[in-house]
Amino acid sequence: MKKRIVLALGGNALGEDLAQQMHAVKTTAKAIVDLIAEGHELVITHGNGPQVGMIHQAFEAAAVQHHGQVLPMSVCVALSQGYIGYDLQNALREEMLNRGIHKPVTTLVTQVQVDKHDPAFIEPSKPIGSFLSKSEAEKLMSQGVAVREDSGRGWRRVVASPKPKDIIEKESVKALLEAGHVAITVGGGGIPVIAQGNHLKGASAVIDKDWASAVLAEMICADLLIILTAVEKVAINFNRPDQQWLDAMSVDEAKRYIKEDQFAKGSMLPKVEAAMHFSSSAPGRETLITLLEKASEGIAGKTGTRLRNM
Ligand SMILES: Nc1ncnc2c1ncn2[C@@H]1O[C@H](COP(=O)(O)OP(=O)(O)O)[C@@H](O)[C@H]1O
Ligand SMILES: NC(=O)OP(=O)(O)O
């Protein structure tokens, strides 16, 4: 059955640098076009952690050299949407043409409203950019830059990550879908903005893309949210001898597992929370968490972890 699907691409779908991204989007496009060929209506969203960090760092270095202004983080997110969207829409167009599919692909610069009083603004938590050594991290910390150890993988800069409240361009996304486009939107969680009357002011933050995707999926009345990442299924007792992969999870079970600390903060926890948000927003809505190359099998109910409000 044809479904309206929001497909959130994780870091492994895009790679960590320019060369990796160019290569990764080709594989990613193949998996996405499989779903388009099955007749589903698709909205693609994606992360931007490595890319937004790289853009911010490049402009920071240029600002030091030319005594210029440091680029606001909201503008860095906007640039990351354009750069990643460009690579994705190009790869999707090529893959569709190779299969004789003629469908327009559109990347939408998308703003996401956040609350200026969100406590996340005083506690930066979203890792961005490349991994740093401990001495590089200590140097940045001494300059007042927020830096954290990221899940045993090294040190990274961290920025505020407020919760998405509204997708400003949601009507444009709906119009694109109704006109038969494949829409790429809320890239990097969307450009964070704060409403000041009619003016939307850019905020210094990077929104979690899984949360923004869940809010978007709710607003455009999607049937299914698919969160693609580096694991085929969600586990309890992850990486322990008694690890257990889950085929399905109810919202109540997810709540219980969160209380038991089953999902790592900054990796699986926001995915499960975003899934709970979407799956409980209306009857029949489901979230699937799986690998990019398993998306089609996942929709057919053969793999992945399904989260539904049972
Ligand atoms: N309970 C869990 N079950 C499965 N994976 C988990 C769990 N807890 C943490 N993880 C880790 O979370 C990762 C996904 O988060 P992350 O790498 O941040 O996602 P993204 O694909 O969006 O970049 C998985 O690859 C896995 O290593
Ligand atoms: N914005 C965002 O969530 O990016 P990552 O998925 O790359 O962390």
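Within any chain, residue numbers begin from 1 and follow the written order of that chain's sequence. Both sets of labels track the order of writing: A upward for chains, 1 upward for ligands. Selection of residues for local features in this predicted model requires a pLDDT of at least 70, selection of side-chain atom pairs for listing and counting requires 80 or more, and totals for whole chains, interfaces and linings are taken over all residues. To get the side-chain values, all heavy atoms of the structure are used, and hydrogens and water are removed first.

Visitor: So what about the site of ligand 2? Which residues, and what values?
Guide: Throughout, the term near means that a residue has one or more heavy atoms lying within 4 Å of the molecule or strand in question. Around ligand 2, the surrounding shell consists of Gly47, Asn48, Gly49, Pro50, Lys126, Gly188, Val206, Ile207, Asp208 and Lys209. Side-chain polar atom of Lys126 to an oxygen atom of ligand 2: 2.9 Å apart, as the coordinates give it. In the model, a nitrogen atom of ligand 2 is placed 3.3 Å from a nitrogen or oxygen of the Gly188 main chain. Considering ligand 2 on its own, with 260 Å² of exposed area, one finds that the protein chains cover 86% of that surface. Split by residue class, the shell around ligand 2 holds three nonpolar, four polar and three charged. As used in this structure description, the phrase polar contact means that two N or O atoms lie within 3.5 Å; if the pair is within protein, one of them must be able to donate a hydrogen and the other to accept it, and residues adjacent in sequence are counted only when both atoms belong to side chains. Computed by Shrake-Rupley with a 1.4 Å probe, the accessible areas treat only the displayed protein chains as cover when residues are assessed. Amino acids outside the nonpolar list (Ala, Val, Leu, Ile, Met, Phe, Trp, Tyr, Cys, Pro) and the charged list (Asp, Glu, Lys, Arg) are all regarded as polar, and Gly is one of them.

Visitor: Give a description of unusual backbone geometry that names residues and reports values.
Guide: What you tend to see is this: most non-glycine residues have negative phi, and most peptide bonds are trans. A positive phi angle, close to 55 degrees, is found at Asn237, a residue other than glycine. We count a stretch as a helix when DSSP gives it H or I for four or more residues in a row; a strand needs E for two or more, and each element gets its number in order from the N terminus. Tracing the chain through its elements places Asn237 in the loop between β13 (234–236) and β14 (244–246). Although it is not a glycine, Asp261 adopts a positive phi angle of roughly 65 degrees. For Asp261, the location among the structural elements is in the loop between α7 (251–259) and α8 (268–279).

Visitor: I'd like to hear about the site of ligand 1, residue by residue, with values.
Guide: Inspection of the region around ligand 1 gives 17 residues, with Lys209, Thr229, Ala235, Gln262 and Lys271 positioned closest. Interatomic distance of 3.2 Å between a backbone N/O atom of Gly11 and an oxygen atom of ligand 1. The backbone of Gln262 places a nitrogen or oxygen atom 3.2 Å from a nitrogen atom of ligand 1. Elements supplying a minimum of two residues to the shell around ligand 1: β13 and α8. Tallied by class, residues from the shell around ligand 1 come to eight nonpolar, six polar and three charged.

Visitor: Give me the lowdown on the environment of Thr45, citing residues and values where you can.
Guide: Along the chain, Thr45 falls in strand β2 (residues 41–46). Only protein chains enter the area calculation, which uses a 1.4 Å probe; residues under 20% of their type maximum are buried, those over 50% are exposed, and those in between are partly exposed. Taking relative accessible area as the criterion, Thr45 reaches 0% and is therefore assigned buried. With 57 residues separating them in the primary sequence, Thr45 and His102 have C-alpha atoms 21 Å apart. Whether two residues are in contact is decided by their heavy atoms, any of which lying within 4.5 Å being enough. Other than its neighbours up to four places away in sequence, Thr45 contacts Val6, Leu7, Ala8, Leu9, Thr185, Val186, Ser213 and Leu216.

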